[in-house]
Amino acid sequence: MKYIFKQGADKSKPTLLLLHGTGGTEQDLLPLAGMIDPDASVLSVRGNVLENGMPRFFRRLAEGVFDEKDLIFRTEELHTFLNEAADEHGFDRKNIIAVGYSNGANIAGSLLFHYANSLKGAILHHPMVPRRGIGLPDLAGVPVFIAAGKNDPICPAQETTDLQELLTEAGASTEVHWEMNGHSLTRTEVEAAAEWYRKNF
């Protein structure tokens, strides 16, 4: 996988796993890491799937309709990559916080849905429910921040409500930040995420 790793000033802090939206690259979310925790290490990854030339983390069949088989495969691929990257770069595999937007938030959510110990926490900007009708692992003690738009045309508000409910039922500690800015990633929601991060980590 193509990625950028930046060693942080404080090795005891979490490594921030940055996961871009459709058409993004590993450069896109680097400014967010600086806003959330300038002393943390950063692992920013580019999605391995191309849709009309645009990088994504997994295939979809249509807008809002995931290719579930590919989602499962790509989630496992990312999970394995995190193990390898931790060995290679010497960061704590058990201390990774995902920061994802849109498609990147969905693959981060999928890590939570499929693996009990893949992430220590997650900041999900405009995520959807990655899969329905499956049992989730025990997520007790995993804090999850969700930023959502009440008027988001791509990710309806009900998706956010359902996702929060599923994660909470699995034991995660969830917080939702609502805005009226559609599907766009806003400075105010990143600032809210940074404040949440400081309280939890």
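Just so you know, the residues in each chain are numbered from 1, in the order the chain's sequence is written. Totals for whole chains, interfaces and linings use every residue, but because this is a predicted model, local features are given only for residues with pLDDT of at least 70 and side-chain atom pairs only at 80 or more, for both listing and counting. Excluded from the side-chain calculation are hydrogens and water; included are all heavy atoms of the structure.

K.L.:
In this structure, what is going on with the overall build of the protein? I would like to understand it.
P.N.:
Per the secondary structure count, the protein includes five helices and eleven strands. Against the globule reference of 17 Å for 201 residues, the protein gives a C-alpha radius of gyration of 15 Å, in line with a compact fold. Taken along the three principal axes of its C-alpha coordinates, the protein extends 40 × 35 × 30 Å. Relative to all contacts within the protein whose residues are 6 or more apart in sequence, the contacts with residues 24 or more apart total 68%. In the form shown here, the protein has an accessible surface area of approximately 8800 Å², with 48% of it arising from carbon and sulfur atoms. By the counting scheme adopted, Arg and Lys are positive, Glu and Asp are negative, and His together with the chain ends is not counted. Charge placement uses NZ in Lys and CZ in Arg. For Asp and Glu, CG and CD serve respectively. Each charge class in the protein was averaged separately, 19 positive and 27 negative side chains, and the resulting centres sit 3 Å apart. Secondary structure follows DSSP: runs of H or I at least 4 residues long count as helices, runs of E at least 2 residues long count as strands, and numbering of each begins at the N terminus. What the globule rule says is 2.2 Å times the number of residues to the power 0.38, and the radius of gyration is computed from C-alpha atoms. Any two residues whose heavy atoms approach within 4.5 Å at even a single point are treated as in contact. A 1.4 Å probe and the Shrake-Rupley method give the accessible areas. Residues count as covered only by the protein chains that appear here.

K.L.:
Quick question: what am I supposed to make of the sheet that holds strand E8 (residues 96-101) here?
P.N.:
Sheet strands pair by backbone hydrogen bonding; their relative direction is either parallel or antiparallel. The mixed open sheet is built from seven strands, whose spatial order is E1-E3-E2-E8-E9-E10-E11. Either end of the sheet is taken by a strand with one partner, and the two such strands are strand E1 (3-6) and strand E11 (173-179). Neighbour-to-neighbour, the strand axes of this sheet turn through a mean angle of 10 degrees, independent of strand direction. Bridge count between strand E10 (residues 143-149) and E11: seven bridges; the pairing is parallel. Across the sheet, residue Pro143 finds its bridge partner in E11, namely Ser173. Axes here refer to lines fitted to C-alpha atoms; in helices the fit is confined to the stretch in contact. Angles between the N-to-C directions go from 0 to 180 degrees. The strands touched by helix H3 (residues 103-114) within the sheet are strand E2 (15-19), E8, strand E9 (121-125) and E10, with E8 carrying the most contacts at an inclination of about 140 degrees. Across the sheet, helix H5 (residues 187-200) is in contact with E2, E8, E9, E10 and E11; its angle to E10 comes to roughly 165 degrees. The pairing criterion for strands is at least two bridges between them, as found by DSSP.

K.L.:
Sorry, what's going on with the side chain of Asn95 here?
P.N.:
In this fold, Asn95 is placed in the loop between helix H2 (68-89) and E8. Polar contacts here mean pairs of N or O atoms no more than 3.5 Å apart (in protein, one a potential hydrogen donor and the other a potential acceptor; neighbouring residues in sequence count only if both atoms are side-chain atoms). A polar contact is formed between the side chain of Asn95 and the backbone oxygen of Ser12, at a distance of 3.4 Å. Setting aside its immediate chain neighbours within four residues, Asn95 contacts Ser12, Lys13, Pro14, Thr15 and Lys120.

K.L.:
I tried to follow the pairing of E8 on my own but got confused; where do I start?
P.N.:
It is a general feature of regular strands that their side chains alternate between the two faces of the sheet. With a 1.4 Å probe rolled over the protein chains alone, any residue whose accessible area is under 20% of its type maximum counts as buried; one over 50% counts as exposed, and the rest are partly exposed. In terms of burial, E8 is a largely internal element, six of the six residues being buried. Looking at chain direction, E2 and E8 are connected through five bridges and run parallel. What sits directly across from Leu18, in E8, is Val99. Strand direction decides the pairing type here: E8 and E9, joined by five bridges, are parallel. Across the sheet, Val99 pairs through a bridge with Ile123, a residue of E9. Seen with its strands pointing away from the viewer, a crossover is right-handed if its path from the first strand over the helix to the second goes clockwise. Taken together, E8, H3 and E9 constitute a β-α-β crossover, and its handedness is right-handed.

K.L.:
Looking at this structure, how should I read H2?
P.N.:
Three- or four-residue spacings in an α-helix give side chains the same orientation, since the helix completes a turn every 3.6 residues. Expected helix span is computed as 1.5 Å times (number of residues minus one). The end-to-end C-alpha distance of H2 is 31 Å, a good match for the 32 Å that 22 residues give at a rise of 1.5 Å each. Along H2, the positions that sit buried rather than exposed are Asp70, Leu71, Arg74, Thr75, Leu78, His79, Phe81, Leu82, Ala85 and Ala86. Two residues or fewer past H2, Gly90 is found with a positive phi of approximately 75 degrees.

K.L.:
So what exactly am I meant to see when it comes to the environment of Arg60 here?
P.N.:
When you line up the elements, Arg60 lands in strand E6 (residues 60-62). If near-sequence neighbours (up to four positions away) are discounted, Arg60 is found in contact with Thr22, Glu51, Val65, Phe66 and Asp67. Of note is the side chain of Arg60, whose polar atom sits 2.8 Å from the side chain of Glu51. Among the polar contacts made by the side chain of Arg60, one reaches the side chain of Glu63 at a distance of 3.3 Å.

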